Structure formats: C-alpha cells, structure tokens
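The primary structure of each chain is shown beneath.
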Amino acid sequence: MSAPQSLFVKACKVLPVDRTPVWFMRQAGRYMQEYRDVRKHHSLLQICKDPQLAAEVTITAAEILGVDAAIIFADLLLPLEIMGMPFHFSAGEGPIIEKPLRSAADISQLRTDRAAELGYVAEAVSAVAKHFGPRLPVIGFCGAPFTLASYMIEGGGSRNYILTKQMMYSSPQAWNELMRKLISVTSAYVTEQVTAGADAIQIFDSWVGCLSVEDYRRYVLPHVTQLVREVQRTGAPVIYFGTNTATLLASMKETGAEVIGLDWRIPLDKGWRAVGGKGAVQGNLDPVLLFTEWPELKGRAEEILRCAGGRPGHIFNLGHGIFPETPVENVKALAKFVQEYSR
Ligand code: CP3
C-alpha cells in the first residue's frame, strides 16, 4: 500500500474526508489522444505486458485528469491466457476467445499454477506506486469469477449468456470447479498487485446483472465471497462492481466488500440504502452524460453529490467505463467540479 492516508483509501474505509474523491473506470483509453498515440505503435496486449508502458499509460491518464486514484492499466481477460485459453482483440468485435469452454472436460484442463506469469501487472503497479508515492493511490483489479467465466464459455461478449447459464444450470459441479479455479488464479494475481503497492482492489463483475437474485445467491455469491475474503487478507479494501445490479445489491454486499460499485440505473441514495446504508459506495453517473453540454452534466453530477449528502464513504465515479468517443474536456471538467463542489 503506497497511499494509505489518501482521500480515496479513507473513503473506502468510510472515514471522514474534506471532499469527495473521484476517479473514472476506463480513465486510460481510446478517448484520450495520448493513449491513441501509444496505441499507434503497440497493441493493447503489448501495452499490458510491458510494465513501463502500462505504467506510463496509467500515470498519464491520472495526471491529465487530475483524479484522486490511478487504476492500473491492464485487461480483465489477462488471466485467461495463463489458464490455457488464448484470446485476441478484433477491431470492432471486442475480445475473441479462441477455444471457448464447452464441457466439464474443458474445465478440468484449465491450469491454475501459472498466476506468477501475470507478474508483469504487479511490476506495472510497482512502477506506478513508486512514481506517485503517497500522493496518489493505485487501484489494482481483476475480473469476478462469473464475468470471467462468461467470456470463457461464450467465447467473447454476449447478449443473453445462454451458454454460460446452461453450464451453470446443467453442470453445477463443473461450474463450481470453474469458479474455484478462477478464484485460485485471481486471488493470487491481485494479492501480488497489493504486494507491489496497490492500495485497493476492484473486482469487476460487469455482467453479473443478467442473473436473477436466486441464481446469483446459489451460483455466484459463495464464490465471490471467498474471493473477497482472500483479497482482504492482504489488508487492501475491496470494491465490488457490476452493472444492472439494482436487484442484487443487498446480496452483493453480503460478500463483505468494503465498497459496492453502483451503475447509473439506480439513484445513488437508493443504492446505498440497498446495501444497508453501511460501508462505502462508488458511482454512479451515466457515462453517456459525458456527451452532453456542461450545464446538464454539471447538474447531474450535483444531483449525485446531493444524494450522497456529504456522508463519509462516497467515491465519485461513473456507473460504467468511459466510452471511446467521449470528449476529454468533459471528463477533466467533471473531475474538477466534483473536487471543488464537494469541498
Ligand atoms: O480503467 C482503466 O483505465 C484501466 C484499464 C482497463 C482496460 N480493460 C483496458 C482496455 C480495465 C479496467 C479493463 C477492464 C475490462 N476489460 C472489463 C471490465 C470493465 C467493464 O467495462 O466492465 C472488460 C469486460 C474487459 C474486456 C474487454 N477489453 C473488452 C470488452 C474490451 C473492448 C473491446 C473494444 O474493442 O472496444 C477490451 C479492450 C480494452 N481494454 C480497451 C482498453 C483501454 C480498449 C481497446 C484498445 O485500446 O484497443
């Protein structure tokens, strides 16, 4: 941990702060010219696997925006490769997994002994932590087991998660084995990130909102709870984020994560109540509002801060990641506005 006294870490722990900390999911990405310049010469995976480049991209974005935390530049899917599932990104189509999981036999083939080969991410964390020192906290991250499993089984993004749910419903033993394997790899992976200097870990369960409450509780909650526990052994607070989760929030809070990430579909105060009013929440401006005129954007940010009511434990963020076409000026202005207005 490199910045334990930062506003961001204090807010994760629901400690009082003199203003609301702010950072943005996908704050380093194609909407930013500096990132596009790096991408002219390197693929996404090249950047991820080169700790100096990944650190540079992370640092540049955080500095340009003036945000209160830097999220390490990496990708959710990196663990797939070392588990024996190669993938690539195709322009316009997103990630493509070469041989998706289709059977219990495929799952039994998955390897869990190569997490150390993801050490390039920890090296990048260490370079970022060294650069910022106590000035700015670094957020490490990993995918949650359901969301990673959905990529492994569907072979890429999905609309209805039919194959994933089919596996879950019809082969619960294989499903549990898959969850166990993913937790084994991701817990080792993020533990290394904390050892390297990450101040908090965000677990992205981006697509878990496709599940009913009952299925979430039966097939996912016990596994994420275990992952959260493993991460908490490092002492780093955990942010657990998903989209379309209004019905799942109370259950998600049962994982014990210190911070629950809210998407924009639920008003922040209602989401906070849904997680019991305790702990911290992160969110939750619709990232599409960054495409509107400043008065509208500002008004909506104000409304979120009003919902938070200055209570300790709010971290301002978007309800999901920044889109590639987003005007950078709006992102900068939003960070500055949150910092000044909440003071
Ligand atoms: O937030 C940050 O600044 C850190 C970087 C980051 C990336 N991916 C880099 C990236 C983070 C946190 C992720 C997480 C991630 N990756 C998620 C979960 C986050 C979420 O939005 O819910 C998911 C589902 C993925 C898998 C993935 N990687 C997808 C679906 C895509 C989009 C494909 C496309 O072409 O739009 C990616 C690619 C990706 N990962 C990009 C970046 C900056 C953009 C592609 C590029 O630079 O070529």
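A.B. asks: Could you clarify how one ought to interpret the nonpolar core in this entry?
C.D. replies: Side chains of a nonpolar character, in soluble globular proteins, are inclined to be buried together. Formed by 131 residues in total, the largest nonpolar core has its most connected members in F8, F24, L178 and L334. Looking at which element gives the most residues to this core, the answer is helix α10 (residues 172–195), with ten residues. When near neighbours in sequence (up to four residues on either side) are disregarded, F8 contacts P21, W23, D68, A69, P137, I139, A200, I239, Q282 and I315.

A.B. asks: Got a minute to help me understand the sheet that holds strand β5 (residues 200–205) in this structure?
C.D. replies: Backbone-to-backbone hydrogen bonds join strands into a sheet, with any given pair of strands oriented parallel or antiparallel. A sheet is described by the order of its strands in space; here seven strands give the open sequence β1-β4-β5-β6-β7-β8-β9, paired in parallel fashion. Every interior strand has two partners, whereas the edge strands, β1 (70–71) and β9 (314–318), have only one. The sheet contact formed by β1 and strand β4 (residues 138–143) spans two bridges and is parallel. In the sheet register, A70 faces β4, and the bridge partner there is V138. Packed on one face of the sheet, α10 meets β4 and β5 and runs near 175° to β4.

A.B. asks: Looking at this model, I keep getting lost on the site of the ligand. Mind explaining?
C.D. replies: Near the ligand lie 23 residues; those nearest to it are R26, Y35, R39, S206 and H320. At 3.0 Å from an oxygen atom of the ligand is found a main-chain nitrogen or oxygen belonging to A28. In the environment of the ligand, a nitrogen atom lies 2.7 Å from a nitrogen or oxygen atom belonging to the side chain of D75. Within the complex, the protein chains bury 89% of what would otherwise be the 880 Å² of accessible surface of the ligand. Those elements that provide at least two residues to the shell around the ligand are α2 (33–41) and β3 (94–97). For the shell around the ligand, the class distribution of residues is 14 nonpolar, five polar and four charged.

A.B. asks: Even after reading the chapter, I still don't get the pairing of β4, so can you show me in this structure?
C.D. replies: Here β4 lies mainly inside the structure; six of its six residues are buried. Strand direction decides the pairing type here: β4 and β5, joined by five bridges, are parallel. Bridge pairing in β5 links C142 to I203.

Conventions adopted
Residues numbered from 1 in each chain as written. Predicted model: local features only at pLDDT ≥ 70, side-chain atom pairs only at ≥ 80, totals over all residues. Heavy atoms only, no water. Core = buried A, V, L, I, M, F, W, Y, C linked by side-chain atoms within 4.5 Å. Buried < 20%, exposed > 50% of the residue type's maximum accessible area, 1.4 Å probe, protein only. Helix = DSSP H or I, 4+ residues; strand = E, 2+ residues; numbered from the N terminus. Contact = heavy atoms within 4.5 Å. Pairing = 2+ DSSP bridges. Axes fitted to C-alpha atoms, helices over the stretch in contact; angles between N-to-C directions. Near = heavy atom within 4 Å. Polar contact = N/O pair within 3.5 Å; in protein donor to acceptor, adjacent residues only side chain to side chain. Areas by Shrake-Rupley, 256 points an atom, 1.4 Å probe, with all protein chains shown as cover. Nonpolar A, V, L, I, M, F, W, Y, C, P; charged D, E, K, R; others polar.

Scope: geometric values only; no functional claims are made or implied.
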